[in-house]
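# Fold and contact review
So the chains spell out like this:
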Amino acid sequence: MGSLPLATPDEDLVTERRFGMKRRSFIQLCAGLAATLGFANNAVGAIFNALVDAKRPSVIWLHFQECTGCSESLLRAEHPTLEKLILDIISLDYHETLMAAAGHQAEAARLAAMAANKGKYILVVEGAIPTGANGNYCKIGGKTAIELVKECAADAAAVIAIGSCASWGGMPSTSPNPTGASPVAEILGRPVLTIPGCPPNPYNFLTTVVHYLVLGKLPELDAKGRPMFAYGRLIHENCERRAHFDAGRFATQFGDEGHRQGWCLYKLGCKGPETYGNCPSIGFGDAGTASWPVGCGHPCIGCIEQGVGFTKPIHELAKLLTVTPPTQFARPDEQQGQGSTLATVGTVAVVGGLAIGAGARLAKNLGTTADKPSTTSKPER
Amino acid sequence: MLTRRNMLKGLAGGAGAVAAASIASPAEARGNHPMPEHALGLLYDGTLCIGCRACISACKSANGMPAEHTALEIGDYWDAPLDISGQTLNVIKAFREGNALHKDQAVDGFAFTKVSCMHCNDPSCVSACPVSAMRKDPVTGIVSYDVDACIGCRYCVAACPFNIPQSTYDSPIAKISKCQLCAHRLPAGKYAACAEVCPTGATLFGPVAELQQEVARRRALTPGTKTLFPRGKIGGTDTYAGVASTYVDHTYGAKEIGGTQVLHLSGVPFELLGKPALPDESPASISESVQHAIYKHLLAPLGFLGALAVVAWRHMRPEAEPIDPTGAPPAGGEAP
């Protein structure tokens, strides 16, 4: 466990008082976070220290066109300490659902936090931003969503778009999109870190925040601003039902023999082959294995992926992205074997030469024996 | 003794017989055999194929064939045979060019193709088979193989223009392996396993007449339009909504060597997919026309035999005549 500090009764008290959990449970949580990030075992100590020692970063959490499902999933995760982390590890200075303040008091808290932590706070945006009707579809404290997000992002250390709505428009942006729902990056005109999903896995958000706290920088991102540790692979690649796909065992109807056997859901429209996410690896809600949509028997709807979730019909067949480019397929003119080696050529030459020489010798001797008296024949008297 | 006059007469007669036989052959070319009326076949639409290879796996289990080990540069596989073989009747191959990012594009793209028996209307393997091991069913048109009749000559292997019949060379009692369209599953109401398992209907089973209609329908669609694709077998209840693709202006198997019961559609030219360019006339019809003309009424063999007889007769000598009085005495008294 690397540089994990030794336990003293005082430190037990620290974790217990501050995080509402035993030191042992807290170390277990740190180990879980390290595993999600793919860190080595000795990173647990670093995470422990960062969470205990670091000054709680100020977080301002904005809500626009959304269902608060992202916040809900974050709070209602079965892990006993998640809400403690949100409330105690970070300083959540503005969150419309969770804060006690209301009205002008709430707005004052936001402005105060922004002023006190200028250039250091983390801005989290949940929900798409309506651009239709000059942004008047969503107004908070007399300001439109567009104004709010621009104002808050101006002095933020990092902007995180949580959920598909904030990341790429999500469900509100589905055609015909009367409110002109747009993602955060489009409003700000620059790429932001996105944690898409409907809702996203809370650990993907949490781990990103912890990564920032421990290493002082954001994790590696893909072209769509998603952390690679969570969105680096297709759901299809790690799916527990993948073997059934490869063997051609498909469920064709809900409740049929194949569905009851837990076969592949591709024919039912599973979007796993065109959706990037770690859902099969970590599941949802800490409820054990199979606690994710495909594990429960419903095809993936691709809620993470722009152009798939809320766009393609749920039961439409998915495009398969794993085979692009298809390296493991034979080419039409695939060459097999490896031609002749020097040893083979040499052996064949020696054997062939011997055969030709012996044949020539034999042919030369043919007919000559008749002229000579045979050594074995009896001499004539 | 043969006179010069008689010998010339004999030679002329033989030559006449051969000439008559060879003149007769073009006039009596038998033409391609037609497709049986209720022929069954497959339609492979490469634009629908997703390369899941479920058909390879299903084919193997339906025909009781073992998995094949393939050692590639990127790793060892048990489910990626490089080609059809004695243990593999069906393989999905991929054409790829440049960065291979776009499906069904000839440049910087990739495309899938299927290699399995085409079930020709006029199969070369059946024509070449000296016994009745290779047969074409008169009703379904399925080209089948009977291991009990096979003499192991492998003429079918050499005859097939698609390189389909494969011999189990590693077995001391080698036999031929080829797709028989799961004929053994038809009586139970099932059909070709590759089509049954295909999740996108890229491999579709059915009567060839209906498959041809489906080909015409797909090629007439405007690319990009939504349409229903049948899955499994044509005319069934299982369909799904998909998007029509752009096809090359060629249905492979429609005319090749007199037409085949397996039809291929593709988004890239077939020569890129390793499909040989073949004439419309079946090789079997050409070779059989020549052969049948030569052997008609045994004229050519008789003529040839006559010519041989004349030559032999010309070289005969009376038995009493010594071979060579000045030569060495016959070897004798030589015991091993």
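Residues numbered from 1 in each chain as written. Chains lettered and ligands numbered in written order. Predicted model: local features only at pLDDT ≥ 70, side-chain atom pairs only at ≥ 80, totals over all residues.

## Observations regarding the interface of chain B and chain A
Selection criterion: For the purpose of contact definition, each residue receives a C-beta atom placed from its backbone, and two residues are in contact when these atoms lie within 7 Å. A run of H or I in DSSP becomes a helix once it reaches four residues, and a run of E becomes a strand once it reaches two; helices and strands are each numbered from the N terminus. Classification used: nonpolar for Ala, Val, Leu, Ile, Met, Phe, Trp, Tyr, Cys and Pro, charged for Asp, Glu, Lys and Arg, polar for all others including Gly.
Each partner contributes residues to the interface: chain B has 35 residues there, and chain A has 26 residues. At six residues, strand S4 (residues 91–96) of chain B tops the list of elements feeding residues into the side of chain B that touches chain A. Looking at the side of chain B that touches chain A residue by residue, the class counts come to 23 nonpolar, seven polar and five charged.

## Topic: the nonpolar core
This is how it is decided: Residues enter a nonpolar core if they are buried, belong to Ala, Val, Leu, Ile, Met, Phe, Trp, Tyr or Cys, and are joined to the set through C-beta atoms within 7 Å. Around each residue's C-beta, the other C-beta atoms within 10 Å are counted; 20 or more make the residue buried, 12 or fewer make it exposed, and counts in between make it partly exposed. All C-beta atoms are placed from the backbone.
Core analysis: the largest hydrophobic core is formed by 97 residues, its most contacted members being Leu42(B), Cys55(B), Cys125(B), Met134(B), Ala192(B), Cys194(B) and Ala195(B). Among the elements that make up this core, the one with the highest residue count is helix H2 (residues 54–62) of chain B (five residues). Within the second largest apolar cluster, 52 residues are counted, among which are Ala43(A), Phe64(A), Cys70(A) and Ala166(A).

## What to know about the confidence of the model for chain B
Under the convention used in this document: pLDDT expresses how confident the predictor is about each individual residue, on a scale running from 0 to 100.
Across chain B, pLDDT averages 87, with 87% of residues at or above 70. Scoring of the predicted complex yields 0.75 for pTM and 0.73 for ipTM.

## Observations concerning the domain arrangement of chain A
All names here are of chain A. As a reminder, the rule being used: Segmentation into domains, and thus their bounds, comes from an automatic or database assignment.
Considered domain by domain, chain A is made up of domain 1 (57–200 + 222–230) and domain 2 (233–329). Between the C-alpha centres of domain 1 and domain 2 the distance comes to 29 Å. Among the residues forming the side of domain 1 that touches domain 2, the class breakdown is six nonpolar, five polar and one charged.

## What to know about the sheet that holds S4(B)
Our working rule: Pairs of strands are assigned from DSSP output, requiring at least two bridges between the strands.
Reading across the sheet, the three strands line up as S4-S6-S5 (chain B) and stay open at both edges, with mixed pairing between neighbours. Both edges of this open sheet fall to S4 and strand S5 (102–103) of chain B, since each of them pairs with a single strand only.

## Observations regarding the sheet that holds strand S2 (residues 91–95) of chain A
All names here are of chain A. For clarity, the threshold we go by: An axis is simply a line fitted to the C-alpha atoms; with a helix, the fit covers only the stretch in contact. Between two such axes, the angle follows the N-to-C directions and lies from 0 to 180 degrees.
Taken in spatial order, the five strands of this open sheet run S2-S1-S3-S7-S9, and their pairing is parallel. Each edge of the sheet is formed by a strand with only one pairing partner; in this case those strands are S2 and strand S9 (193–195). In this sheet, neighbouring strand axes are inclined to one another by 20 degrees on average, regardless of whether the strands run parallel or antiparallel. Most of the contacts of helix H6 (residues 103–116) go to S2, to which it runs at about 140 degrees, and overall it touches strand S1 (58–63) and S2. Where helix H10 (residues 202–215) meets the sheet, its contacts fall on strand S7 (158–162) and S9, and the angle it forms with S9 comes to roughly 150 degrees.

## Overview of helix H7 (residues 145–154) of chain A
Here is the rule: Picture the helix axis, draw a direction to every C-beta atom, and the arc is the one those directions span.
Buried within H7(A) are the following residues: Ala145(A), Leu148(A), Val149(A) and Cys152(A). Buried residues of H7(A), viewed axially, fall in a sector of 90 degrees; they line one side.

## A few points about the domain arrangement of chain B
Much of the literature gives interface size as the accessible area that the parts lose upon coming together. Taken domain by domain, chain B consists of domain 1 (4–30 + 288–314) and domain 2 (40–124 + 156–281). Computed from C-alpha coordinates alone, the two centres of domain 1 of chain B and domain 2 of chain B are separated by 46 Å.

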